[in-house]
Structure formats: structure tokens, C-alpha cells
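Take a look at the letters that make up each chain.
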Amino acid sequence: MGPRAGALVSPGLALLVSLTAHCSHPQAEGASQGGLDASRADLWASASASLLQGFWCQPAGQLSRDQLAALIRRMATQHVLLRAWQLSCLANLAARQGLQGDFALHPPDLLLFYNLTQVEEADCRAFIRRAAQGDTKLLANLPDQRAALQHRALACLGGPQPRLSASDLLLLGVLVCDMDASSIAAADPHVLQNLRHCPRLTAAQQAALNRLLASGRTVLGPPGSWNLEGLQALGPLASYISPGLWMQLQEAVGLDFFRSIVAAYRAGQLRQRDARRFVTSFLEAKSRAVSSPSKRDTGQPCIRGNITAATLHDDLFLVRYDCGQLESCLGSRVLRANLDPLLQHPLPAECQQVVKAKLARVYPGGVPEEQLRLIPSLAYLYSLSEIGQWHITSKDTVVTLLAPDGALENQTEAILQKFLDHNGTITGALLVAIGGSRLCWMSPRQIQAIRPSEFRLAGALDISSCPQTRKNVLFDKAREAFSSASTTDTYYRFMRPYLGGAPVEELRHLAQANVSMDIDTFTNLNPRVLQSLSVGNVTTLLGPNVGDLQKARSHPIISSWLRSLNRSALSELGLDTGPTGPTSSAHPTTGTPSTTLWTRHQAPTSEGPGSTAPSSGSPPAHLGYLPLAMALPAGLLWLLYGGSPRPSWGHPQGICSTVEDCTAPAPHAGEQGLARGAGRLPGPRCRPQGPWPHPPS
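Below you will find a few notes about this structure. (Residues numbered from 1 in each chain as written. Predicted model: local features only at pLDDT ≥ 70, side-chain atom pairs only at ≥ 80, totals over all residues. Heavy atoms only, no water.)

**Structural notes on the state of the cysteines**
Taken as a whole, this structure holds six disulfides when the rule is applied. At a sulfur-sulfur separation of 2.0 Å, the disulfide partner of C177 is C198. Handedness of the C177-C198 disulfide follows from its S-S torsion of about -95 degrees: it is left-handed. Of the two residues, C177 is situated in the loop between α10 (166-172) and α11 (181-186) and C198 in the loop between α12 (191-195) and α13 (203-215); the sequence distance between them amounts to 21 residues. A disulfide bridge connects C323 with C351, and the sulfur atoms are separated by 2.0 Å. Here the S-S torsion is close to -95 degrees, and the disulfide linking C323 with C351 is therefore left-handed. Of this pair, C323 sits in helix α19 (residues 323-329) while C351 sits in helix α22 (residues 349-362), and the two are 28 residues apart along the sequence. (Disulfide = S-S within 2.5 Å. Helix = DSSP H or I, 4+ residues; strand = E, 2+ residues; numbered from the N terminus.)

The following block contains the structure:
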């Protein structure tokens, strides 16, 4: 919602907006218990994206080949964003029906999960080019599949290339995001088009990017000749430009670009992470150019003039006032009256500390609640004892402070407790608004205090990042909420996200019920519990998805379980032979070229954030944005005409099912290309991130 969500949303609307982003509309005709009703399969050929979002594999298995083909094509034309657990089993359904050869009509994300050994040699380049439009983050729990995709892509190119050409890069798409730094530096300059679509770059990749930009080999030319349009065409890559390169830029061009970035950030079009990274680098270059001291002098006089309300509306405010001048020139009265416009600037961390210190002097007893709604970007700086001084009475304040760019995860418990201490209650709508990852950081006591009816309203929340101890607590809470489900199938649909905390007896029961667990859910099970499952248990639990173990055999949880099996058991699973062994690297060693082109991606473990919890005072972790503008109209209509949502066993997503509308053009559509004559690089699936300002087409 932009940098200052709390300041822009009226009381009560924050929860409503967050809820509608999570929602589509009530259970639609033709949907049975949130899944696909095979008896009404004719409806799915013309179903909306929001309805298709609720796809469920088991009933889809009853469809005929033609019906399943029509369903998959509809998902492609509607740009339906399915999750990994849906895509993995859908890929298996398509393979069993012999539909994989129709990949050109299928969603790119689905191709990521296909059996790559079944791709015909003649189709190799076309398949990879379409798959490379997908979101490879979906393969986070399938390291072997991700490695196989990378190696198959290189095989399509004829093996590892010393220098990737423009046509190679067009084929590889977002797979370039997994390339190591040396390959990026050696690639054709058109690699910029690929890198623009990477969620983030590693430090080594950033260094390679800066070497490429400094070389002058790109369409931008040498840094001294860069112009505003060229910088804007870089998109989010501009936030990675080093201070040394900014120093070589013509001053007028740099200031114009700075204005455009701050204006876009204040308009809510940029993520705080990207904007702050750019501003910090740019201001460091400016500081070096004028030989300013690296640390602010707390005793320096105000030489820029007192900061006024008008000053704060200048997009070049941070250029004119460094952090030292911010401290010297910002008075308490102006701060109190203009905190919102001040924090609409992407303040560097040092300047944020200045503002926090000034707020402490203005409000020695703690920041009042009306001001708390304005400071989510500062929340990460506050200690737990300082949070203890706050008075939080409104759900809107909680939602604002726990926004993606707000408080640290390990501040969640303290903020919620201040709300509960003032007779607040944790409702289903609040859980939806703050997201499942915040559940990981609530105390067991707070989780137990959630009423089962409210937990049912929240529905399926993503808790995959939780440490195992919290998964266990959340499983017990979910079982309390959903144990009265009428059938095992309905119970499983509600419980699936919470099975990471399930005991062995629960999993054996589900195996006997033939639930056909997907591989993504399986990789999130308790690793200790998994060790207690026999090969027969696992084979029955996964059902037709058991072959996906091959795609995840290097995942730490799967690998540990496989190491406990003997040769006979591995043979029973079909894992005694193949490109990798149960203890080998995720990178295949036979049948594909050997190369160091790709960087390694460690699959997540069940410990989640528990082992790497950030401490108060560290930059906040970013949990992602909800596509509110897309989801708001449908959700508001439902809430206006349908009244208050009620829990329903017929709707496994609880209040609603998430809908992300990607029918709009991709953010880069129509932009000036960075690589002339190279063709248009197809964009990946819609991601929860704001667009970067770009020049008019």
C-alpha cells in the first residue's frame, strides 16, 4: 500500500482492505467444498480467475482428458496464480492424461513442475522459453527440479556457453536470476533485461552488474553519458548502482532521477527496501563528492535553514538536508505536526534514528497511538521495553505496525500483547490482515487465546516459515478449530497448511484416507515425525504424487529421510538410481552438462526463522505486498452485498480464497527496452511488488 499505509487509510479501512486483498467472493456455483466439482466441469472452461484460484487436485482427478485440458488452458488465459502445492499435483494430473505436450497453451508456472525428461528434443527451446517466464521461487522446496531445469536450459543451448548471447538470454528469461556473477559479467549486455525481473540480486551479482554498467557496453553507455530515460529503463536495477558510479553521473541527471524515485515512493509505487537502497547509495556518493564526514556531527549548527512543512514536500529534501542537518534543523513542533510527510521520504537508517530520538523527546511517555499509525517504517528500531510504553487499542494500529515494511517478526508478540492488554481480541479478519508468518512469532499463550471460530474464519494461512515449535502449537489450534469437519477430505483441505506440526498418528490416518498429499506440503512436515513413517506410509500418503520425491530428494528433510532407508526401500520408491543419490548434490551429474554457471539455492528447513531471528534495531524483513488495487473491487462487493462472512465447511480458505489478478499488463509492458533489437523478454508471473517508475512509451 505504499510507504505510509497507516496515514492514508481511514479507521477500519485497513482491515477491510487487507481482507479484500485476501478474498475473492463467496463460494461460486460449480465449486464443491472449495475445489473442483467434476459434475459441473463445463463451468470451468469459462470460470473466472478468482474461482480457478481455489483449484483442488483430488476432484480434478475425476475430469476427462478434454475437461482437464480446457481447465488448464483457462488457467493460462486468465493468468491464474496457483501456489506450489497446487501446481505440483496439477502437473502430475496433466502428465497422466498426456497433456504435457500442449505446454505452449499452459501457464508458465505449471511448466516448472513438469517432468523434464519427457520434453522432446525438438521442443526443448520452446519449452524452456515458456517455462522461463514462470516464477522459479515456486520451486523453493524442489531443489532437484530447479537444478534439472537449469541444466536442461543449458542443454537446449548446446551446453555451457563461455558468453551468453542476446538470443541465449531471451531463451533463459528469469533463469538468469540463478546465474553466478562471472556469467553475468561475461554475458551480452542484454542481460540487463533479464536481471530486471529478479526479485533480488546477491552481493556478487550486484558487483557484476556494476562492473557491466561501468564498462559502458550497455545501451546506456558510460556513466557520464547516462540520461534520465536510460536510468528509468533500468527499473529496480538502478537501486543496486554503487556510489562510485553515481559520482560519475552528471549532477542534473542524478537529481532528476532522485526526484522521480522519491515521488514514486511517496505515491506508493515502490517498495521501501528498493527506495531506501537507492537513496542510501546516492547520498553516500554525494557525501563523498563534497568530502563530508562519514558520521554526523551532533553539535553542528543548522546551516540549511529551519525545516518547515513546505520543505518536507520537496522531493529533493534528503539531498538538501543530510542526517546531521535533519537533527539540527527539525524542530519539535514541525515534527509533531508533519510526521507523516517526513516519513513519506525513504529515510536512510541514520536519519530514521534521528527521527526516533526526536520523537522520544517529544513524547517521553511513549508515542501516542495516532502517531504510531504513522511510524511502521520506524517500528523496527524500537526495543521491546520501548514498545511496552505504547498504548494500542485499535486493530488498525496493529495492522499498520505489522505491515510488511513494519515491525520485525520478533516484535510481533509485544505489539499484539499491547493490543490484548487493552481488551483487544485476535479475530479472523486480523489474522488474515497480518498474514500467517506473523503467527510464527505470536506466543503460545496468544495462539491459544484465539477462538476456534475466528481461526476458522482466517482459514488457510501460510505458516511454512514457522519454527517447528510454533508449527506444533498451530497444529493443535487448527485441529481444535476444524475437527468437526463432516468428512476427512474437508478436514484435510482445512488442515493442510498446518500439517507441519502433525504427529505421526495423524499422518498415518491421512495416508489411510488416501488424501494424496502434494510434495510441497510433504517437505514441510516435522522431520522427526517423518523419520517414523515407513516407505509404505509415505507411498500411501503421497499417492499419485510419490514420483515427486525425485524432484525434492536433495531437500534437507527428504534427504535425511532417504538416508535412513536401505537399498531395497529406495528401490521400492524408484530412487535407487537416477541423476542424484540420496546424499548427493542437487545438481545432476549425468545426462546434463557439468557447469558452474548456476548459483546454489539452499532449500528451506523446518526451523524457518527460528534460527535466524533478527534482533531489534536491525532492518526489517519484508514479507511481501498484497495486490490491493486488484482485489479490492470484488472483495468490497462481496462484503457489501453478502454481509459479514461466516465460517463454512464448504470453503476451505476460511473467510475467502486469495485472488491475484494478473490480467493487467506486466509492469514492464510498453517500456523502452534496454537491449535494442533483442525482442521483448516475456515477464514472469505477477509478483507482490510495486512498479518502478518508467518513461512514457
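**Structural notes on the environment of P108**
Looking at the secondary structure, you find P108 in helix α7 (residues 108-111). Residue class for P108 comes out buried when judged on its relative accessible area of 18%. Between the alpha carbons of P108 and D135 there is a distance of 8.1 Å; along the sequence they are 27 residues apart. Filtering out sequence-adjacent residues up to four positions away, P108 remains in contact with R130, A131, Q133 and G134. (Buried < 20%, exposed > 50% of the residue type's maximum accessible area, 1.4 Å probe, protein only. Contact = heavy atoms within 4.5 Å.)

**Here we look at the nonpolar core**
F55, F258, V355, I375, W390, F522 and L549 are the most contacted members of the largest nonpolar core, which totals 195 residues. A total of eight residues in this core trace back to one element, the largest contributor, which is helix α6 (residues 84-96). Aside from chain neighbours lying at most four places away, what touches F522 is M517, L530, V538, L541, L542, L549 and I558. (Core = buried A, V, L, I, M, F, W, Y, C linked by side-chain atoms within 4.5 Å.)

**A closer look at the packing of aromatic side chains**
Applying the stated criterion across every chain, the model contains 16 aromatic pairs. Seen from their ring centres, F455 and F482 are 6.2 Å apart, and the 55 degrees between their planes marks the pair as tilted. A residue pair is termed long-range when its members are at least 10 positions apart, and F455 in helix α30 (residues 452-458) and F482 in helix α31 (residues 468-482) qualify at 27 residues. The same class applies to F455 and to F482, which are both buried. Ring pairs connect the aromatic residues W246, F257, F258, F278 and F282, which therefore count as one cluster. The ring of Y382 has K356 lying over it, and the distance from NZ or CZ to the ring centre is 4.9 Å. Sitting over the ring of W85, R496 keeps its end group 3.9 Å from the ring centre. (Phe/Tyr/Trp six-rings, centres within 6.5 Å; stacked < 30°, edge-to-face > 60°. Lys NZ or Arg CZ within 6 Å of the ring centre and 35° of its normal.)

**Comments concerning the pattern of salt bridges**
Inspection of every chain in the model, using the stated rule, returns 18 salt bridges. Put simply, E284 and R288 hold a salt bridge, and the shortest N to O gap is 2.6 Å. Of this pair, E284 and R288 both sit in helix α17 (residues 272-289), four residues apart, which is roughly one turn of the helix. By relative accessible area, R288 is classed as partly exposed at 43%. Of the charged contacts in the structure, one is a salt bridge between D314 and R320, with a shortest N-O distance of 2.7 Å. (Salt bridge = Lys/Arg side-chain N within 4 Å of Asp/Glu carboxyl O.)

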